[in-house]
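Observations on chain architecture
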Amino acid sequence: MGRAVAVIGTGQTKHGRRDDLSYPDLVREAVKKVFEDAGITPKDVDGVVYGSMPSMMEGMAYNHFYFADALRVVGKPLLRTETCGSTGQSVAHTAIHWIASGMADVVLAVASEKEHEGDAQATMMTILEPFLMVTIGGAPVAFSLQSREWMGYYHIDDDKAREAASIVSVDSHDGGLKNPLAHIRVKLTKEDVSKAPIITYPVRLYDVCPTSDGACAVIFASEEKAKKICKKPAWVKGIGFRGEEYFIGDSNKAVWQSTIEASKEAYKEAGITNPLKELDVAEVYNPFSYQELMFLECLGLCPPGEAPDYVIKGTFSPGGELPCDPSGGVLCTNPIGAAGLIRVAEAALQVTGKAGEHQVEGAKLALSHAMGGAEQFNGITILGSEL
Amino acid sequence: MAEQKEKPRKVGAMGMVPYEMALGPTWTKFFEGFKEKKILGTKCKKCGRVLVPARPFCPRCFEPMEEWVEVAQEGTIVTWSYVNYTYFGVTPDMIPVIGAIIKLDGVDCGTGMSTQIGGLDIKDFELVTKKVKVGARVKAVWRRKRQGNFRDIDYWKIIE
């Protein structure tokens, strides 16, 4: 992949309803924290990468103009990257490529969303053209259709999938309670989740992520700079990203090719042959609890069609073989553009032992992941404590 | 930071932009077919797949798909979802609805997302879970007045 790259600092806002601040102030909150965490100043940064959801969600075209000061980008090169829900992973990958290529040594990556200022679902409706793939039910229905396709393809009965999805939701919300920056912080039982109102069946209320405001900033550095600046960097071990065809009915979405191929690429680069055994923690993008079940399979963490069995026996729960989303995941915090970069930041916190109350004891190798579009894009970044 | 006693002040804003999106010859012909209650697909001469909606080019082979095929109006449900929440542009009287992906007989892909199951009492959730299943057979029900757009197929009816 070129030169070695490390995360040398992370910064996240308090996520939630942040109408106490203007949007540039929100971005500044994350950027201020990342510089404090890395112990460097904007003078040390060679370039900035920024991403968010499309203009309609932001209320203006090209919000990086509005955020120029908050991003500390004045007098520096800027790259903008966006791929819908996977934007945060793409922003991280842009920074990583920039440094790995040798064209920069220190890059600030920032992603944000302020969903309460507009109508996130309205924007999601415009992600597809308006005459062929016209959505019924917006984003939740696209993913519920996929869940049902997966259940049908592997003959997973409703009750078993329901139980596993409820466990995913309960575990994530327990994580959210331990993460002071999480948006939703509430104790749920399996029964609360399985009896919640139907949104897009089989998906119910607590299977769905919230609408959040939040920003995340991560500073990446070359090996030489990382060793000089940072006592304990999180090293980029492998990355992968894949896209899929546009028309949702063209392929079998139960076997999610972009997730499978992106993770294979990342594992190969990281030298991982048995991800379930070798990874210590995973920040899997889980805007819907049923989607996490599918990701567990397509990320190669359990055999196809068996995610419910593995989840029910506790493999991915706290204290299990591979705890997933100890931060609360996207189910507790979903500023969409930032959500993929928050996964990277959380993976960095885990492998450097800085995750606080939601730290997975002794974590050395962490996977972070995000998905975007109508099931179209998947991105992975694997971080480790050792170079 | 001073504690905020009053509700945070906000400024209203709205942007509205009308668009005119070109359909191109393939999708023009596809929707013209709807006016005559025909579902048209195109066939790839390289991989042999028949795709609906018709495509100007094969997404996998990148070859033009110039051979037109009128396809069956019956098929099986690949997946479905019961939509029971309101969102942008949808009022409580417009739900519940059932979205679905249907594989039409002789077609090598599923339909897109504008496919709705109807013809039964959708408000009766128990009835829906009994009748609407992956693998269930369905057929197209057309609107009486068709305008050459995706709304021309009113819904897909379960074949008992």
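Up top is the structure these notes are about.
A brief report on the enclosed structure follows. This structure is a prediction, so every number in the text was calculated from the model and none was measured.

Within chain B, the regular secondary structure consists of two helices and eight strands. Here chain B has a C-alpha radius of gyration of 21 Å; the compact-globule value for 160 residues is 15 Å, and the former is much larger. For chain B, the spread of C-alpha atoms along the principal axes amounts to about 70 × 40 × 35 Å. For chain B, buried positions account for 41% of its 160 residues. Here the contacts in chain B between residues at least 6 apart in sequence split such that 53% fall between residues at least 24 apart. Of note, chain B has its 27 positive side-chain charges centred 0 Å away from the centre of its 19 negative side-chain charges.

A few words now on unusual backbone geometry. Tyr-201 of chain A connects to Pro-202 of chain A through a cis peptide bond whose omega is 15°. The residue Pro-202 of chain A is located in the loop between strand 5 (198-201) and strand 6 (203-204) in this model. The peptide bond linking Ile-95 of chain B to Pro-96 of chain B adopts the cis configuration, its omega dihedral lying at 0°. Structurally, the position occupied by Pro-96 of chain B is in the loop between strand 4 (74-83) and strand 5 (97-104). Backbone geometry places Cys-84 of chain A, a non-glycine residue, at a positive phi of 70°. Of note, Lys-37 of chain B is a non-glycine position whose phi angle comes to about 55°, a positive value. By secondary structure assignment, the location of Lys-37 of chain B is in the loop between helix 1 (24-35) and strand 1 (40-43).

Next up on the list: the interface of chain A and chain B. If you look at the interface, chain A gives 35 residues, while chain B gives 40 residues. Overall, the association of chain A and chain B removes approximately 3300 Å² of surface from exposure, summing both partners, and the carbon and sulfur fraction of that is 69%. A salt bridge links Glu-245 of chain A to Arg-60 of chain B; the shortest N-O distance between them is 2.6 Å. Seen at the junction of chain A and chain B, the total is twelve residue pairs in polar contact (both at pLDDT 80 or more). Secondary-structure elements contributing two or more residues to the side of chain A that touches chain B are helix 5 (120-125), helix 6 (138-153) and strand 5 of chain A. Broken down by element, the side of chain A that touches chain B gets its largest block of residues, nine residues, from helix 6 of chain A. Residue composition of the side of chain A that touches chain B, grouped by class: 18 nonpolar, nine polar and eight charged.

Turning to the packing of aromatic side chains, a few remarks are in order. Scanning all chains against the criterion turns up 20 aromatic pairs over all chains. Relative to Tyr-154 of chain A, the ring of Tyr-153 of chain A has its centre 4.9 Å away and its plane inclined at 80°; by these criteria the two rings are edge-to-face. For the pair Tyr-82 of chain B and Phe-125 of chain B, a centre-to-centre distance of 4.9 Å together with 65° between the ring planes defines the contact as edge-to-face. With Tyr-82 of chain B in strand 4 and Phe-125 of chain B in helix 2 (residues 125-131), the pair connects residues that are 43 residues apart, well separated along the chain. Phe-125 of chain B carries the same exposure label as Tyr-82 of chain B, and that label is buried. Here the aromatic cluster, defined as three or more aromatic residues joined through ring pairs, consists of Tyr-23, Tyr-50, Tyr-66 and Phe-67 of chain A.

All names here are of chain B. Read across the open sheet, the three strands follow the order 2-1-3; overall the sheet is antiparallel. The two strands at the open ends of the sheet, each matched to only one other strand, are strand 2 (50-51) and strand 3 (67-70). Where strand 1 and strand 2 come together, two bridges link them in antiparallel fashion. The residue of strand 2 that forms the bridge with Lys-43 is Val-50.

Residue and element names in this part refer to chain A. Topologically, Glu-113 is positioned in strand 4 (residues 106-114). Buried charge without a salt bridge: Glu-113, with Arg-80 as the nearest opposite-charge side chain at an N-O distance of 7.7 Å. Separated by 2.8 Å, the side chain of Glu-113 and the backbone nitrogen of Gly-337 make a polar contact. Apart from the residues lying within four places of it in its own chain, the contact partners of Glu-113 are Tyr-23, Leu-26, Ser-52, Met-53, Met-57, Glu-58, Ser-212, Asp-213, Gly-214, Pro-335, Ile-336 and Gly-337.

Turning next to the sheet that holds strand 10 (residues 365-372) of chain A. Residue and element names in this part refer to chain A. In space, the nine strands of this open sheet follow the order 3-2-4-7-1-8-11-10-9, with mixed pairing throughout. Edge positions in the open sheet fall to strand 3 (78-80) and strand 9 (281-283), since each of these has one partner strand only. Strand-to-strand twist across the sheet, computed as the mean angle between neighbouring axes with direction ignored, equals 25°. As judged from the three bridges shared by strand 2 (residues 47-51) and strand 3, these two strands associate in the parallel manner. By the bridge assignment, Tyr-50 is partnered in strand 3 with Arg-80. Relative to strand 8 (residues 234-243), helix 10 (residues 257-270) is tilted by about 150°, and along the sheet it contacts strand 8, strand 10 and strand 11 (377-384). Across the sheet, helix 15 (residues 336-351) touches strand 1 (5-12), strand 4, strand 7 (213-222), strand 8, strand 9, strand 10 and strand 11, and the angle it forms with strand 7 is around 55°.

Rules and cut-offs
- Per chain, residue numbering runs from 1 following the sequence as it is written.
- Chains carry letters and ligands carry numbers; both start at the beginning, A for chains and 1 for ligands, and go up in the order they are written.
- In keeping with the model being predicted, local features are shown solely for residues with a pLDDT of at least 70 and side-chain atom pairs are shown and tallied solely at 80 or more, while totals for entire chains, interfaces and linings include all residues.
- Side-chain numbers come from the whole structure's heavy atoms, not from hydrogens or water.
- Segments assigned H or I by DSSP are reported as helices when at least four residues long, segments assigned E as strands when at least two residues long, and all are numbered from the N terminus.
- Here the globule rule reads 2.2 Å times residues to the power 0.38, and the radius of gyration is calculated from C-alpha atoms.
- Each residue's exposure class comes from its accessible area (1.4 Å probe, protein chains only) as a fraction of the maximum for that residue type: buried when under 20%, exposed when over 50%, partly exposed otherwise.
- Should any heavy atoms of two residues lie within 4.5 Å, those residues are counted as being in contact.
- Note that His is not counted, nor are the chain ends; the positive residues are Lys and Arg, and the negative ones are Asp and Glu.
- Lysine's charge is taken at NZ, arginine's at CZ, aspartate's at CG and glutamate's at CD.
- Here the buried area means the combined drop in accessible surface, using a 1.4 Å probe, for two parts upon being joined, counting both sides.
- Counted as salt bridges are all cases of a side-chain nitrogen of Lys or Arg within 4 Å of a carboxyl oxygen of Asp or Glu.
- Any N or O atom pair separated by 3.5 Å or less is treated as a polar contact, with the protein-specific requirement of one donor-capable and one acceptor-capable atom, and with residues adjacent in sequence counted only for side-chain atom pairs.
- In this classification, Asp, Glu, Lys and Arg are treated as charged, Ala, Val, Leu, Ile, Met, Phe, Trp, Tyr, Cys and Pro as nonpolar, and every other residue, Gly included, as polar.
- Any two rings among Phe, Tyr and Trp, with Trp reduced to its six-membered ring, count as a pair given centres within 6.5 Å; such a pair is stacked if its planes are under 30 degrees apart, edge-to-face if over 60, and tilted if neither.
- In short, DSSP must find at least two bridges between two strands for them to pair.
- Lines are fitted to the C-alpha atoms to define the axes, a helix being fitted only along its stretch in contact, and any angle between axes, read from their N-to-C directions, falls within 0 to 180 degrees.

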